[in-house]
Amino acid sequence: MTTTIHSLNPQNHLKRDRERKIVRALTFIFALVSVGTTAGIIYELLKETVLFFQEVSIIEFFTDTRWTPLFASKRFGVLPLVNGTLLVAAGAMLVAVPLGLLAAIFLSEYASERMRKVLKPILEVLAGIPTVVYGYFALLFITPILRDLFPETQIFNAASASIAMGFMILPLMASVSEDALSAVPRSLREASYALGATKFETAVQVVLPAALSGVAAAFILAVSRAIGETMIVAIAAGQQPKLTLNPLQSIETMTAYIVQVSLGDTPHQSIAYKTIFAVGMLLFAMTLVMNIISYFITKRFREKYE
Amino acid sequence: MSTLTALKDVTFERNLSFRKLKGKIFEILAFFAILLGIAMLLTLLVDVFLDGLPWLSTRLFTEFPSRFPEKAGLRSALQGSIWLMFLTALMAIPVGVGAGIYLEEFAPQNRITRFIEINVANLAGVPSIIYGLLGLGLFVRQLGLGRTLIAGAMTMALLVLPIIIVTTREAIRAVPNSIRQAALAIGATDWEVSRDHVLVYSAPAILTGVILAMSRAIGETAPLITIGALTYIAFDPKGPFDIFTVLPIQIFNWVSLPQPAFHGLAAAGIIILLIVLLSMNALAIWLRNRLTIHW
């Protein structure tokens, strides 16, 4: 009852109102930190990227087929790095998409509530394992197996990184797809059964198409995660930027290049220092576009059934 | 009668059993997809434990890294990780929870709020190495903090901020509106409602989210390499302005060395890292199950 007495005191009321205003302002500033982070990322990346393009022509950056900024004869064609990044990401998607989609259909259409409660968290553990651990696993477990199967496999290769990354991304692919599948209203399934379709036919020909936009969003999110992934490729995929589609060869991704330069002692004003920001800017732009596409797809598909 | 014969169509029946068989095969296939994921997880864990177990000893906790695998330890890396987590939590928790409270309890429905929300969602999808470049450009260079713990912790704090904000909002949203209205009705201000009621009820769920966010941070490697955390540190970090290394960076360094002995050390380091992560996750699950209020 003391609060009642206190609040009758006008002095106290003013104090409470002031406290309320201070907290609101403070938490607003905290919320703005996220905006500041985005602004900071764009500013820092742009600043060095602009300096970079004062020394290197933007045409060379996007069309030259060699990337050798750390060598005596410097070439600044980013294509080999982009090629490496996309090669590993494509391989990872070959693992993550079929497995993730099957897992999602099983969890949403077939599994009992009890089964879901057990299987889903176990699967999620895959996403919680630090990427440096996957890198270890790719280099020291998957690569030796690959080298037994295909003797021409190089010690550092895109394939082992792809496989490890595929399993890392699997839970993301599975859980976002499952959300989309579960959001399909029950009436659609009942209608399909009423027409005489089996459970499988309903799942694949009715529920999956109805959830396709959500699955597409999951796919794009997964690709975005794959191209931004760093430690697995830095450990297992090598440091040789080249234009190849052979997954058994050593390549270099954009992220692995940033790590390679960061590990060396790079002087602040050097061109090598600027390259990692230029490469980072390109990486940021690629993931940003994908995240935005996936955001809008998800938004549209949500509105459809609510 | 003719309808009944039509229903007993032999080809249809045979067809139907084939269709059902196809369904069964698909169901088994789909189940195997999950099993394959779980099998991969088990293989990874078993592989790491077999590799690392012979190297697991108390020496790892007392020795600094060394060129000689028999003498090498994780002392500076473990201390660096503890320092980094402490400093990151110190910055990320108040800011993240505060931002979550603002967006859920105070924010007006306007363009600025929507902009902030989209921003948070987008930040969650930015690759961690990009945060590293931000930290390098802003904290290490521009603010002149150098490759110190505080620069690393600030980078990490920004990285986990979206996770904390999102989980805080979810936790707060789970508190029924009747609680807020009851408090408002007896004259509490919106801040008092948040502080004395909403936050109290959602604290376990917020804490769960915070622990999960920190478990993400403890395994992160790329942004710290980018800001220039070193791999070889042979002294105990004494404060926020010391240079540092962390557990995953030391593991990365050992994996990158050609000698198999260092791979064993790396595996031992991974075991320690996984045990820490597992304990944090177990704690989070326990908190969620025990303390979360179900309305």
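Residues numbered from 1 in each chain as written. Chains lettered and ligands numbered in written order. Predicted model: local features only at pLDDT ≥ 70, side-chain atom pairs only at ≥ 80, totals over all residues.

J.: Looking at this model, I keep getting lost on the overall build of chain B. Mind explaining?
T.: Scanning chain B for helices and strands turns up twelve helices and zero strands. Its helices and strands taken in sequence order, chain B reads α-α-α-α-α-α-α-α-α-α-α-α from the N to the C terminus. At 26 Å, chain B has a C-alpha radius of gyration far larger than the 19 Å of a compact globule built from 295 residues. C-alpha atoms of chain B, sized along the principal axes, occupy 95 × 65 × 35 Å. Looking at chain B residue by residue over its 295 residues, the buried ones come to 46%. (Helix = DSSP H or I, 4+ residues; strand = E, 2+ residues; numbered from the N terminus. Rg over C-alpha atoms; globule rule 2.2 N^0.38 Å. Buried ≥ 20, exposed ≤ 12 C-beta atoms within 10 Å, placed from the backbone.)

J.: Mind showing me how you'd approach the interface of chain A and chain B here?
T.: As a measure of interface size, the accessible area lost when the parts come together is often cited. Counting residues at the interface gives 69 residues for chain A, matched by 69 residues for chain B. Top element by residues in the side of chain A that touches chain B is helix H2 (residues 10-55) of chain A. It accounts for 21 residues. Class assignment for the residues of the side of chain A that touches chain B results in 41 nonpolar, 19 polar and nine charged. (Contact = placed C-beta atoms within 7 Å. Nonpolar A, V, L, I, M, F, W, Y, C, P; charged D, E, K, R; others polar.)

J.: Help me out: how do you make sense of helix H10 (residues 212-228) of chain A in this one?
T.: Residues spaced three or four apart along an α-helix point in a common direction, a consequence of the helix completing one turn every 3.6 residues. With 17 residues, H10(A) should reach 24 Å at 1.5 Å per residue; the first-to-last C-alpha distance of 24 Å fits that figure. A large share of H10(A) lies buried, amounting to 14 of its 17 residues. (Expected span 1.5 Å × (residues − 1).)

J.: How should I be thinking about the nonpolar core in this particular structure?
T.: Nonpolar side chains in soluble globular proteins tend to be buried together. With 190 residues, the main nonpolar core has A:Ala103, A:Tyr136, A:Ala138, A:Ala164, A:Met173 and A:Ala222 as its most contacted residues. A per-element tally of this core places helix H4 (residues 79-110) of chain A first, with 18 residues. If we skip the residues at most four places from it in the chain, A:Ala103 touches A:Leu123, A:Ala174, B:Ala30, B:Ala33, B:Ile34 and B:Gly37. (Core = buried A, V, L, I, M, F, W, Y, C linked by C-beta atoms within 7 Å.)

J.: Would you mind going over the confidence of the model for chain B with me for this structure?
T.: The predicted coordinates should not be examined in detail at positions where pLDDT is low. The predicted model of chain B averages 91 in pLDDT, with 97% of residues at 70 or higher. Listed scores for the predicted complex are pTM 0.91 and ipTM 0.91. (pLDDT = per-residue confidence, 0-100.)

J.: Honestly, the domain arrangement of chain B in this entry has me stumped. Any pointers?
T.: All names here are of chain B. By domain assignment, chain B separates into domain 1 (2-55) and domain 2 (59-291). On the side of domain 2, seven residues touch domain 1, which itself brings six residues to the contact. Tallied by class, residues from the side of domain 1 that touches domain 2 come to four nonpolar, one polar and one charged. (Domains from an automatic or database assignment.)

J.: Just to check I follow, could you spell out the environment of B:Leu87 for this structure?
T.: All names here are of chain B. For leucine 87, the position within the fold is in helix H4 (residues 75-106). With 19 C-beta atoms counted inside 10 Å, the residue leucine 87 sits in the partly exposed group. Remark: the alpha-carbon pair of leucine 87 and arginine 75, spanning twelve residues in sequence, is separated by 18 Å. When near neighbours in sequence (up to four residues on either side) are disregarded, leucine 87 contacts Leu149, Ile150, Ala153 and Pro240.

J.: What am I meant to see in the domain arrangement of chain A here?
T.: Assigned domains within chain A: domain 1 (2-55) and domain 2 (79-305). Taken together, the residues of the side of domain 1 of chain A that touches domain 2 of chain A sort by class into five nonpolar, one polar and two charged.

J.: Just to check I follow, could you spell out helix H5 (residues 113-128) of chain A for this structure?
T.: Spanning 16 residues, H5(A) covers 23 Å between terminal C-alpha atoms, matching the ideal 22 Å at 1.5 Å per step. Within the sequence span of H5(A), burial applies to A:Leu119, A:Leu123 and A:Leu126. Down the axis of H5(A), the smallest arc covering the buried residues is 30°, so these residues share one side. The outward face of H5(A), more than 90 degrees from its buried face, is lined by the exposed residues A:Glu113, A:Arg114, A:Lys117 and A:Val118. Against the buried residues of H5(A) lie H4 and helix H7 (158-182) of chain A together with helix H2 (10-52) of chain B. (Arc of directions from axis to C-beta.)

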